[in-house]
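Fold and contact review
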Amino acid sequence: MKGSGDQGSEPTSSSVAGTDCCGGLGNIDFRQADFCVMTWFLGYVDPLDPGFVAALLTIAFNPLYWNVVARWEHKTRKLSRAFGSPYLACYSLSITILLLNFLRSHCFTQAMLNQPRMESLDTPVAHCLGLMLLGVGVVLVLSSFFALGFTGTFLGDYFGILKEARVIVFPFSVLDNPMYWGSTANYLGWVVGHPQDLLTAASPRCCRPFTAEIYRQKASGALKRS
């Protein structure tokens with residue numbers, strides 16, 4: 001009869017199965033894997049094309065840049081102090097945002113022109129759908145700009161340039177981040193319809209929760225003062 005110490009010295013089949021129930025990756029036969037989806041994807045996208053890489057980098061970098069800078073400014077107010085005015089600091093940030101967005105649009109356009117074209121999109125229906133998406137995108141971007149104003153569009157609330165209340169009129173009454181969705185619709189419309197036009201230089205805003213918090217803090221401060 002074995003003691004309790006002897007029982008723990010021999011691994012059971014259940015403990016082995018719990019550690020490696022499928023025998024590990026060594027038992028997988030990669031020769032039987034179906035790569036048809038990847039083959040189809042690479043038939044229409046050249047991920048090694050420098051223009052494609054540049055487009056991806058600018059699309060990822062731009063919103064990261066202005067959100068990081070704006071939140072840093074909201075926390076430290078260093079840009080406002082450096083420029084001597086929150087308005088000058090906001091205008092300076094807006095110039096860099098516009099330049100980066102034009103660069104992004106240029107890289108996106110060049111990447112689109114250099115990539116293989118899908119024959120299924122070369123139809124009148126696709127062209128009409130692309131134009132419709134562009135129309136929706138332009139409406140969302142322009143209506144957002146007019147609702148927010150220049151400083152509101154370019155993150156002025158992070159610089160302490162606040163409106164009386166958070167904007168909730170159209171298109172903010174029907175969508176969160178309408179500039180973001182409008183710019184996305186512009187890009188998608190350009191891809192689907194492929195018109196020879198550039199309508200994607202607008203600045204998307206994807207920071208509504210943080211903006212809402214700024215106005216909540218403003219309202220709380222006003223209540224405390226009263």
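Residues numbered from 1 in each chain as written. Predicted model: local features only at pLDDT ≥ 70, side-chain atom pairs only at ≥ 80, totals over all residues. Heavy atoms only, no water.

As annotated in an unreviewed UniProt entry, the protein carries the name Phosphatidylethanolamine N-methyltransferase and comes from Callithrix jacchus. What UniProt records for the protein under Sequence similarities (unreviewed entry) is the sentence "Belongs to the class VI-like SAM-binding methyltransferase superfamily. PEMT/PEM2 methyltransferase family." (UniProt positions renumbered as here; feature names shortened; annotations may be inferred.)

The UniProt entry lists Gly135, Val136 and Gly137 under the feature "binding site: S-adenosyl-L-methionine" (unreviewed entry), expressed in the numbering used here. Structurally, Val136 can be placed in helix α7 (residues 124–153). A relative accessible area of 47% places Val136 in the partly exposed class. With respect to the helices and strands, Gly137 occurs in helix α7. (Helix = DSSP H or I, 4+ residues; strand = E, 2+ residues; numbered from the N terminus. Buried < 20%, exposed > 50% of the residue type's maximum accessible area, 1.4 Å probe, protein only.)

This part is about the packing of helix α6 (residues 86–114) against helix α8 (residues 178–193). Close contact between α6 and α8 brings their axes to 11 Å; oriented N to C, the two are set at 20 degrees. By the angle class used here, α6 and α8 are roughly parallel. When the axes of α6 and α8 are compared, the crossing they make is right-handed. The residues of α8 that touch α6, namely those facing Arg104, Ser105, Phe108, Thr109, Met112 and Leu113, are Tyr187, Trp190 and Val191. Here the residues of the contact of α6 with α8 are counted per class, giving six nonpolar, two polar and one charged. (Axes fitted to C-alpha atoms, helices over the stretch in contact; angles between N-to-C directions. Parallel < 35°, antiparallel > 145°, perpendicular 65-115°, else oblique. Left-handed = near helix turned anticlockwise from the far one by under 90°. Contact = heavy atoms within 4.5 Å. Nonpolar A, V, L, I, M, F, W, Y, C, P; charged D, E, K, R; others polar.)

Cross-referencing UniProt, the feature "transmembrane region" (unreviewed entry) maps to residues 51–70, 82–104 and 124–148 in the present numbering. For residues 82–104, the helix share is 91%, the strand share is 0%, and the end-to-end C-alpha distance is 28 Å. The straight-line gap between the two end C-alpha atoms of residues 124–148 is 36 Å; of that span, 100% is helix and 0% is strand.

In this model, α8 (16 residues) spans 21 Å end to end at C-alpha, consistent with the 22 Å of a helix rising 1.5 Å per residue. Listed in full, the buried residues belonging to α8 are Pro178, Met179, Gly182, Ser183, Ala185, Asn186, Tyr187, Gly189, Trp190, Val192 and Gly193. Tucked into the core, α8 has its buried residues touching α6 and α7. (Expected span 1.5 Å × (residues − 1).)

A word on the confidence of the model for the protein. Residues with a pLDDT of 70 or more make up 69% of the protein, whose mean pLDDT is 78. Within the protein, no element has a lower average pLDDT than helix α2 (residues 13–19), which sits at 47, and none a higher one than helix α5 (residues 78–83), at 97. pLDDT under 50 marks residues 13–19. Its contacts with residues more than four places away, or in other chains, come to one contact. Confidence drops under a pLDDT of 50 for residues 195–205, and excluding neighbours within four residues, the segment shows 42 contacts in the predicted structure. (pLDDT = per-residue confidence, 0-100.)

Scanning the entire structure with this criterion turns up eight aromatic pairs. Summarising the aromatic geometry, the rings of Tyr87 and Tyr91 are spaced 6.4 Å apart at their centres and angled 50 degrees between planes, so their arrangement reads as tilted. One end of the pair is Tyr87 and the other is Tyr91, both in helix α6 and four residues apart, which spans about a single turn. Relative accessible area serves as the criterion here: at 42%, Tyr87 is assigned to the partly exposed category. Centre to centre, the rings of Phe108 and Trp190 are 5.9 Å apart; their planes meet at 65 degrees, and the pair counts as edge-to-face. Pair noted here: Phe108 is in helix α6 and Trp190 is in helix α8, with a separation of 82 residues, a long-range link. For Trp190, a relative accessible area of 3% gives the class buried. (Phe/Tyr/Trp six-rings, centres within 6.5 Å; stacked < 30°, edge-to-face > 60°.)

Ranked by internal contacts, the top residues of the largest apolar core, which has 14 residues, are Leu79, Leu93, Ile97, Leu155, Tyr158 and Phe159. Broken down by element, the residue count for this core peaks at four residues, all from α6. Both domains that furnish three or more residues to this core are identified here as domain 1 (46–114) and domain 2 (120–203). (Core = buried A, V, L, I, M, F, W, Y, C linked by side-chain atoms within 4.5 Å. Domains from an automatic or database assignment.)

This paragraph deals with the environment of Leu148. Its location among the elements puts Leu148 in helix α7. Leu148 gets classed as buried once you look at its relative accessible area, which sits at 7%. Each C-alpha atom, one on Leu148 and one on Ile168, is 9.8 Å from the other, the two residues being 20 residues apart in sequence.

Checked against the element boundaries, Thr58 lands in helix α4 (residues 50–76). Non-local contacts of Thr58, meaning those with residues more than four positions away in its chain, are made with Pro63, Leu103, Arg104 and Cys107.

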